[in-house]
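If you want the building blocks of each chain, they are given just below.
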Amino acid sequence: MPDGYHYADGAPLHGTADVLDLIAETWGREVTWVAVPIERLPADFFTLSSGVAGEITQKFANYRLGLAIVGDAGGHAAASNAVRAWIAEANRGEQLWFVRDEAELAARLSGRVP
């Protein structure tokens, strides 16, 4: 895995305090991207109207950290045109990516888009 990456395995994230604790884990380590398994996300993360996804992604942006959601988001994308469009747009950017696994993340981080 390329340098500057932190795989954030652990307990589910329940709110802003958990997200800030996760960001604090990376502080001082020269980390530029944090990979969070999709299973750690709050249940309403993919309900865009809840604001949870925006709140979480904004925290990472505020601290100038990229956020990679690792896992299969296909079910969420299939259930909502808005979520599908959001995932596609995020994956074109440089702040938030949705990747299938760590191998795909490694390829993206090393400049090789799979």
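Source: prediction; values computed, not measured.

Brief notes about the pattern of salt bridges
Next up, step 1: What the rule picks out here adds up to two salt bridges.
Next up, step 2: Taking the shortest distance from any N to any O, the salt bridge between glutamate 89 and arginine 92 comes out at 2.7 Å. Here glutamate 89 pairs with arginine 92, and both are found in helix α4 (residues 81-92), just three residues apart, close to one helical turn.
Next up, step 3: By relative accessible area, glutamate 89 is classed as partly exposed at 47%.
Next up, step 4: Look at arginine 92 and you get exposed, because its relative accessible area is 59%.
Next up, step 5: With a shortest N-O distance of 3.3 Å, arginine 100 and glutamate 104 are connected by a salt bridge.
Next up, step 6: Since its relative accessible area comes to 57%, arginine 100 is described here as exposed.

Conventions and cut-offs
Counting restarts for each chain, with residues numbered from 1 along the sequence as it is written. Given that this is a predicted model, residues contribute local features only at a pLDDT of at least 70 and side-chain atom pairs are listed and counted only at 80 or more, while totals for whole chains, interfaces and linings are drawn from all residues. Here the side-chain values reflect all heavy atoms present in the structure, with hydrogen atoms and water set aside. Should a side-chain nitrogen of Lys or Arg be within 4 Å of a carboxyl oxygen of Asp or Glu, the pair is scored as a salt bridge. Helical segments are the DSSP runs of H or I of at least four residues, strand segments are the runs of E of at least two, and each set is numbered from the N terminus. For every residue, the accessible area (1.4 Å probe, protein chains only) is compared with the maximum for its type, and the residue is labelled buried under 20%, exposed over 50%, or partly exposed between those bounds.

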